[in-house]
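What follows is each chain in one-letter form.
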Amino acid sequence: MSIWEALAVFVAGIGAGTINTIVGSGTLITFPVLLAVGLPPITANVSNTLGLVPGSLSGAIGYRRELSGQRRRIVRFGVTAFIGGLAGAVLLLALPSEAFDAIVPALIAVALVLVVAQPRLSAALRARRARTGTTGHRDGGIALLTGLLCASVYGGYFGAAQGVLYLSLMGLLLNEDLQRLNALKNVLAVVVNGVAAIFFLFVAEFDWTAVVLIAVGSALGGQIGAKVGRRLPPTVLRGVIVAVGLAAIAQLLLN
């Protein structure tokens, strides 16, 4: 890797760490750069996964204030993310990518619709509960756990727009501030990326230069993303989520 290629990977790491903390989809920044500098797709994917772990951790630390009072959710959702992330990592090495990649753009599109419609859907859900006299599960119930499990499997497999999926699911099924959900999303990303990276350490080949460059860059980006993301109003944050998600769909379809 030349000095200019190394610089490109480092800058991509900063960008990925920043956008992952705010929304997700940082993989769409780093993965194409790793391919461009000559890494094989599987090596690029696993190196990217390991390199982004410090960025996810940095973003979660940056959002630690918003995690207050969410310990129960962190444990409950974290276990789900662990199982899903490990399953996704196994699938990456066991299945042809075409089988899984075909559904990814549609999956992201559905998540974007949920993000945009979430305020109205949540209001309608609360009104229905008020009419029927029922109360929703404070942690989203089995529906949210199932959705988070599927999103985590996808995250362990590839991870582009994983954060969009998390935010759309939690925003719909939890009566919670979007910034607090974003903080929780960052913790789940740490779990998924971490378990996938540990699994890959034993069964896959890494480009350690790329790993180090992305790790340092994404850790810096995680702090930048926490500072920027916390200041975004919910409407603006939703707009950013949609813009990133649409970019993810476009890139996946074009590739």
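Fair warning: this is a prediction, and the values are worked out from it, not measured in the lab.

1. Notes on the overall build of the protein
When its secondary structure is counted, the protein shows 11 helices and zero strands. Listing every helix and strand of the protein by position from the N terminus yields α-α-α-α-α-α-α-α-α-α-α. For the protein, the residues scored as buried account for 52% of the 255 residues in total. Across the protein, the fraction of contacts at a sequence separation of at least 24, relative to all contacts at a separation of at least 6, is 83%. Looking at the protein as shown, the accessible area adds up to about 11,500 Å², and 69% of this sits on carbon and sulfur atoms.

2. Some thoughts on a nonpolar patch on the surface
Together, Ile 42, Leu 93, Ile 198, Leu 201, Phe 202, Val 203 and Trp 208 make up an exposed nonpolar region whose accessible area comes to about 730 Å². In terms of residue count, the dominant contributor to the nonpolar patch is helix α9 (residues 178–203) (four residues).

3. Thoughts on the packing of helix α1 (residues 3–22) against helix α10 (residues 208–230)
Their axes nearest at 6 Å, the elements α1 and α10 cross at an angle of 35°. Here the hand of the crossing between α1 and α10 comes out right-handed. Each residue belonging to the contact of α1 with α10 can be placed in one class, and the counts come to 13 nonpolar, 10 polar and no charged.

4. Focus: empty space enclosed by the protein
If a probe as big as a water molecule is rolled over the atoms, it shows which places are left empty. Within the structure shown, the criterion is met by one cavity of 30 Å³ or more. As for the largest cavity, its lining consists of 19 residues, of which Asn 20, Gly 159, Gln 162, Ala 189 and Asn 193 are closest to the centre. If you list the elements that add at least two residues to the lining of the largest cavity, you get α1, α3 (41–62), α8 (162–173) and α9.

5. With respect to the side chain of Ser 47
Among the secondary structure elements, Ser 47 is positioned in helix α3. A relative accessible area of 0% places Ser 47 in the buried class. When residues no more than four places from it in sequence are discounted, the contact partners of Ser 47 are Leu 39, Phe 206, Asp 207 and Val 211.

6. Some remarks on the nonpolar core
Side chains that are nonpolar tend, in soluble globular proteins, to be buried together. Phe 77, Leu 148, Tyr 166, Met 170 and Phe 200 are the most contacted members of the largest nonpolar core, which has 43 residues in total. Elements represented by at least two residues in this core include exactly α1, α2 (27–36), α3, α4 (71–94), α7 (141–157), α8, α9 and α10. For this core, the element with the highest residue contribution is α9, accounting for eight residues. Every residue in contact with Tyr 166, bar those within four places of it in the chain, is listed here: Ala 81, Leu 148, Ala 151, Ser 152, Lys 185, Leu 188 and Val 192.

7. So, the pattern of salt bridges
Tallying each qualifying case throughout the model produces one salt bridge. As a salt-bridge pair, Glu 66 and Arg 65 come within 3.7 Å of each other at their nearest N and O atoms. What makes Glu 66 buried here is its relative accessible area of 9%.

8. Here's the deal with α3
The end-to-end C-alpha distance of α3 is 31 Å, a good match for the 32 Å that 22 residues give at a rise of 1.5 Å each. Leu 52 marks where α3 bends most, by close to 30°; the proline Pro 54 follows one to four residues later. Taken across its 22 residues, α3 has 17 buried, putting it largely inside the fold.

9. Regarding the packing of α3 against α9
Where α3 meets α9, the axes come as close as 8 Å, and the angle between the chain directions of the two elements is 150°. By the angle class used here, α3 and α9 are roughly antiparallel. Like other packed secondary-structure pairs, α3 and α9 cross with a definite hand, here left-handed. For the pair α3 and α9, contact is made by Val 46, Thr 49, Leu 50, Leu 52, Val 53, Ser 56, Leu 57, Gly 59 and Ala 60 and by Asn 186, Val 187, Ala 189, Val 190, Asn 193, Gly 194, Ala 196, Ala 197, Phe 200 and Leu 201, respectively. Among the residues making up the contact of α3 with α9, the classes are represented as 13 nonpolar, six polar and no charged.

The rules we used
Residue indices follow the written sequence of each chain, beginning from 1 at its first position. This being a predicted model, a pLDDT of at least 70 is required before a residue's local features are given, and a value of 80 or more before pairs of side-chain atoms are given or counted; all residues contribute to the totals for chains, interfaces and linings. The basis for every side-chain value is the complete set of heavy atoms in the structure, and neither hydrogens nor water enter the calculation. Helical segments are the DSSP runs of H or I of at least four residues, strand segments are the runs of E of at least two, and each set is numbered from the N terminus. The buried label goes to any residue with under 20% of its type's maximum accessible area, the exposed label to any with over 50%, and the partly exposed label to all in between, with areas taken from a 1.4 Å probe on protein chains only. Whether two residues are in contact is decided by their heavy atoms: any pair within 4.5 Å suffices. The Shrake-Rupley method, run with a 1.4 Å probe, gives the accessible areas here. Residue values count only the displayed protein chains as cover. Patch membership is restricted to residues that have no salt bridge and whose relative accessible area is over 30%. Joining uses 9 Å for like charges and 5 Å for the nonpolar side chains Val, Leu, Ile, Met, Phe, Trp and Tyr. Salt bridge criterion: a side-chain nitrogen from Lys or Arg within 4 Å of a carboxyl oxygen from Asp or Glu. Orientation is described by axes fitted as lines to C-alpha atoms, over the contacting stretch for helices, and by angles from 0 to 180 degrees between their N-to-C directions. The hand of a helix crossing depends on one turn: near helix anticlockwise from the far one by less than a right angle means left-handed, and clockwise means right-handed. Classes in brief: Ala, Val, Leu, Ile, Met, Phe, Trp, Tyr, Cys and Pro nonpolar; Asp, Glu, Lys and Arg charged; the others, Gly included, polar. Definitions used for this entry: grid spacing 1 Å over protein atoms alone; cavity, a set of points where a 1.4 Å probe fits but cannot get out; pocket, an open set with protein on both sides within 12 Å along at least 5 of 7 lines; lining residue, one with an atom within 4 Å of a point. Grid points are joined across faces, edges and corners, and a volume is the space filled by probe spheres set on the points. Here, nonpolar core refers to any group of buried Ala, Val, Leu, Ile, Met, Phe, Trp, Tyr and Cys residues whose side-chain atoms link them within 4.5 Å. To estimate how far a helix should extend, the number of its residues minus one is multiplied by 1.5 Å. At any given residue, the bend is defined as the angle formed between two axes, one fitted to the seven residues that end at that position and one fitted to the seven that begin there. For classification purposes, angles smaller than 35 degrees are called roughly parallel, those larger than 145 roughly antiparallel, those between 65 and 115 roughly perpendicular, and all remaining angles oblique.

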